[in-house]
Amino acid sequence: MTPADIRVLVVEDDPVAADAHALYVGRVPGFTVSGTVHSGAGARRHLEAHPVDLLLLDLYLPDGHGLALVRTLRAAGHTADIIAVTSARDLAMVREGVSLGVVQYVLKPFTFATLRDRLTRYARFRATTGEASGQDEVDRALAALRAPQPVALPKGLTAATLRAVTDVLRAAGGGLTATEAAADVGISRITARRYLEHLVVSGRAARAPQYGQVGRPELRYRWSGH
């Protein structure tokens, strides 16, 4: 750790996920893990004893909602910034978080590359000091924080089709084969399989062979994201 490092407290109820998030943070230059806790009460105790610049905060904690924790921390005078780590996609919750000082949202499950991008942008925003010369400079400072570049898709895949495949897979409680996904989305089976495999590689889907039919078993994909 150097004096300039941004000190991060990981607040995550799942010990395995907490360790993974702490490992990710530790791999990003300029950041150091101040600690790992599994509840809102644990976060409050840690903050009373240790200086922290940033919370990597799960919103669903065993002793209350993460945003309720943020309100308590603000009332107690804690000014650490917040990056929310959550499976929640409720935009009303996002707006409430912004009003409380949540500077970034990272949706579970996420890769190291995604978190590294958010942390790097946060560090760039945090490093802006002095007085802005004009509106353009203010806009550039905010853009570093608010406009992350999308993670590049493999060649030949498009965001629109990925959203369509994701939607039909999430809606299918029993999972889908590539043939079924292709029919639902209106693309070829080979194309559907490429998108489904991308979801598997990125940790948002799981696959297993479907037995009970004549010939080679077909793979069935199930949504495993949150």
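Use the structure listed above.
Read on for a plain summary of the structure. Just so we're clear, the structure is a prediction, and the values are computed from it rather than from any experiment.

Before going further, it helps to examine the pattern of salt bridges. Note that side chains of opposite charge can pair when their charged atoms are close. Counted under the stated rule, the structure contains 8 salt bridges. For Arg 220, the salt bridge goes to Glu 180, with nearest N and O atoms at 3.3 Å. One end of the pair, Arg 220, is in strand β10 (residues 218-223); the other, Glu 180, is in helix α8 (residues 178-185), and 40 residues separate them in sequence. Given the relative accessible area of 14%, Arg 220 is considered buried. Given a relative accessible area of 31%, Glu 180 falls into the partly exposed group. Linking Glu 197 and Arg 207 is a salt bridge whose minimum nitrogen-to-oxygen distance equals 2.6 Å. Highlighted residues: Glu 197 in helix α9 (residues 189-201) and Arg 207 in strand β9 (residues 205-210), separated in sequence by 10 residues.

The subject of this paragraph is the packing of aromatic side chains. Across all of its chains, the model carries 2 aromatic pairs by this definition. One aromatic cluster is present, built from ring pairs that chain together Tyr 24, Phe 110 and Phe 112. Over the ring of Phe 112 we find Arg 27, and its NZ or CZ is 3.8 Å from the ring centre.

By size, the foremost hydrophobic cluster in this structure holds 21 residues, and its most contacted members are Leu 9, Val 11, Leu 55, Leu 57, Leu 59 and Leu 67. Those elements giving two or more residues to this core turn out to be β1 (6-11), α2 (40-49), β3 (54-58), α3 (66-75), β6 (81-86) and β7 (102-107). In this structure, Leu 57 is in contact with Val 11, Gly 66, Leu 69, Val 70, Ile 82, Ile 83, Ala 84 and Val 85, ignoring residues within four places of it in sequence. By size, the runner-up hydrophobic cluster in this structure holds 20 residues, among which are Ile 6, Val 10, Val 25 and Ile 83.

With that out of the way, let us pick up helix α1 (residues 15-26). In this model, α1 (12 residues) spans 16 Å end to end at C-alpha, consistent with the 16 Å of a helix rising 1.5 Å per residue. Buried within α1 we find Ala 17, Ala 18, His 21, Ala 22, Tyr 24 and Val 25. Along the axis of α1, the buried positions cluster into a sector of 160°, meaning they face one direction only. Residues of α1 that are exposed and point over 90 degrees away from its buried face: Val 16, Asp 19 and Leu 23. Elements that come into contact with the buried residues of α1 comprise β1, β2 (31-37), β3, β6 and α5 (112-126). Two to three positions downstream of the cap, the backbone nitrogen of Val 16 sits 3.0 Å from a side-chain oxygen, assigning the N-cap of α1 to Asp 14.

Below, the discussion takes up the sheet that holds β3. Strand pairing in a sheet is mediated by backbone hydrogen bonds. Such pairs are either parallel or antiparallel. Taken in spatial order, the 5 strands make up an open sheet running β2-β1-β3-β6-β7, and their pairing is parallel. A single partner strand is all that each edge strand has here, and the edge strands are β2 and β7. Within this sheet the neighbouring strands show an average axis-to-axis angle of 20°, counted without direction. Sheet strands touched by α1: β1, β2, β3 and β6. Its angle to β2, the strand with the most contacts, is close to 165°.

What follows concerns the packing of helix α7 (residues 159-171) against α9. One way to put it is that α7 packs onto α9 with a least axis distance of 10 Å and a crossing angle of 75°. Looking at the two axes, α7 sits roughly perpendicular to α9. When α7 is examined against α9, the residues Thr 161, Leu 162, Val 165, Thr 166 and Leu 169 are found in contact with a partner set consisting of Tyr 195, Leu 196, His 198 and Leu 199. Class assignment for the residues of the contact of α7 with α9 results in 6 nonpolar, 3 polar and no charged.

On to the side chain of Asp 5, then. With respect to the element layout, Asp 5 can be found in the segment before β1. Buried within the structure, Asp 5 lacks any salt-bridge partner; Arg 7 is the closest side chain of opposite charge, at an N-O distance of 9.0 Å. Setting aside its immediate chain neighbours within four residues, Asp 5 contacts Gly 30, Phe 31, Thr 32 and Asp 53.

Reading guide: rules and limits
Residues numbered from 1 in each chain as written. Predicted model: local features only at pLDDT ≥ 70, side-chain atom pairs only at ≥ 80, totals over all residues. Heavy atoms only, no water. Salt bridge = Lys/Arg side-chain N within 4 Å of Asp/Glu carboxyl O. Helix = DSSP H or I, 4+ residues; strand = E, 2+ residues; numbered from the N terminus. Buried < 20%, exposed > 50% of the residue type's maximum accessible area, 1.4 Å probe, protein only. Phe/Tyr/Trp six-rings, centres within 6.5 Å; stacked < 30°, edge-to-face > 60°. Lys NZ or Arg CZ within 6 Å of the ring centre and 35° of its normal. Core = buried A, V, L, I, M, F, W, Y, C linked by side-chain atoms within 4.5 Å. Contact = heavy atoms within 4.5 Å. Expected span 1.5 Å × (residues − 1). Arc of directions from axis to C-beta. Polar contact = N/O pair within 3.5 Å; in protein donor to acceptor, adjacent residues only side chain to side chain. Pairing = 2+ DSSP bridges. Axes fitted to C-alpha atoms, helices over the stretch in contact; angles between N-to-C directions. Parallel < 35°, antiparallel > 145°, perpendicular 65-115°, else oblique. Nonpolar A, V, L, I, M, F, W, Y, C, P; charged D, E, K, R; others polar. Lys, Arg positive; Asp, Glu negative; His and termini not counted.

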